[in-house]
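An overview of the molecular structure
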Amino acid sequence: MTRHMVALGSSFAAGPGLAPVVDRLAGRSGENASHQIARALGARLTDASVSGATTDTILHTAQRVGPKRFPPQITAIQPGSDADLVTITAGGNDLRYVGSLSAAAWGSWLAARPLTRALGRRLQRTATQEPPTQHDVDAAADGLAAIVRAVRDRAPAARVLLVDYLTIIGTETTRSRLAPFSDDQMTAFRRIADQLRDAFTTAAARSGAELVDVAAFRDQHAVGSVDPWVQGFTAFRKGDAALFHPTPAGMRAVRDAVLAHLGA
């Protein structure tokens, strides 16, 4: 029986844009997957997730968002903690994943307008100009594994789950208003997603943490699919989620995957 759950992670854990908002600067929703999982388990939740977090800001460095300074998320787990379930979703910002998607999408939108065409073209050029290297992937994997080790040091009885990222651009995603990308950009974003998934797989193997591979759902729920679990691009906000982040349906899917993993 799970009594105390702790959630560490970036925006894919925090749930920016989803109501109700419980911490505006953290971009943290009371309906993110962690809140839903804790309710289903009848567990107390400590949600330390912060949008924009990296493996470094989870483990070592304070994260400043506007006027607020978030301490390293690992400090939410005190030494000797009674936490018995910890979820970790991070690494995407280490590989500049959603930032690159957003830059390319806004670049496409701005390039279609005469007054902002030059800015838009510049954003489009730079969005995928410096793709993650193998060194970046290895560093992200090392960071995730280090977080697992730090969690175990502080909460020895905890079951630690690495929960990776829902697929954003699937192999069947085509250029559209929701995905305003060139074929080359689509290829680049799919590659980053594969690199991020590799980082999680490597971190799980190195640390012995359990992996909940929600990226395995892949094409059937990517942007542009019949039942997307991630918000596509829109210049004027509609819907419930931040751009290229999990929708309410996506958060429910992550909840169900974690609960099924725990049950198995």
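Our subject is the structure that appears above.
None of the values given here were measured: they were computed from a predicted structure.

What counts and what doesn't
- Residues numbered from 1 in each chain as written.
- Predicted model: local features only at pLDDT ≥ 70, side-chain atom pairs only at ≥ 80, totals over all residues.
- Heavy atoms only, no water.
- Phe/Tyr/Trp six-rings, centres within 6.5 Å; stacked < 30°, edge-to-face > 60°.
- Helix = DSSP H or I, 4+ residues; strand = E, 2+ residues; numbered from the N terminus.
- Buried < 20%, exposed > 50% of the residue type's maximum accessible area, 1.4 Å probe, protein only.
- Pairing = 2+ DSSP bridges.

**So, the packing of aromatic side chains**
In total, this model carries seven aromatic pairs according to the counting rule given. Consider the rings of Tyr165 and Phe200, whose centres lie 6.1 Å apart with planes at 65 degrees: the pair is edge-to-face. Residue Tyr165 is found in the loop between β8 (159-163) and α7 (183-207), and its partner Phe200 is found in helix α7; the two are separated by 35 residues along the sequence. Per residue, the accessibility class of Tyr165 equals that of Phe200, and both read buried.

**Observations concerning the pairing of strand β1 (residues 4-9)**
Counting buried positions along β1 yields six of six residues, so the element is predominantly enclosed. The two faces of β1 match: His4, Val6 and Leu8 on one face and Met5, Ala7 and Gly9 on the other face are all buried. Pairing of β1 with strand β4 (residues 44-47), which is carried by four bridges, proceeds in the parallel orientation. Each residue of the ladder has a partner; that of Ala7, found in β4, is Asp47. In this sheet, strand β7 (residues 85-89) lies alongside β1 in parallel orientation, the contact comprising five bridges. When the sheet's bridge partners are listed, Met5 is paired in β7 with Leu85.

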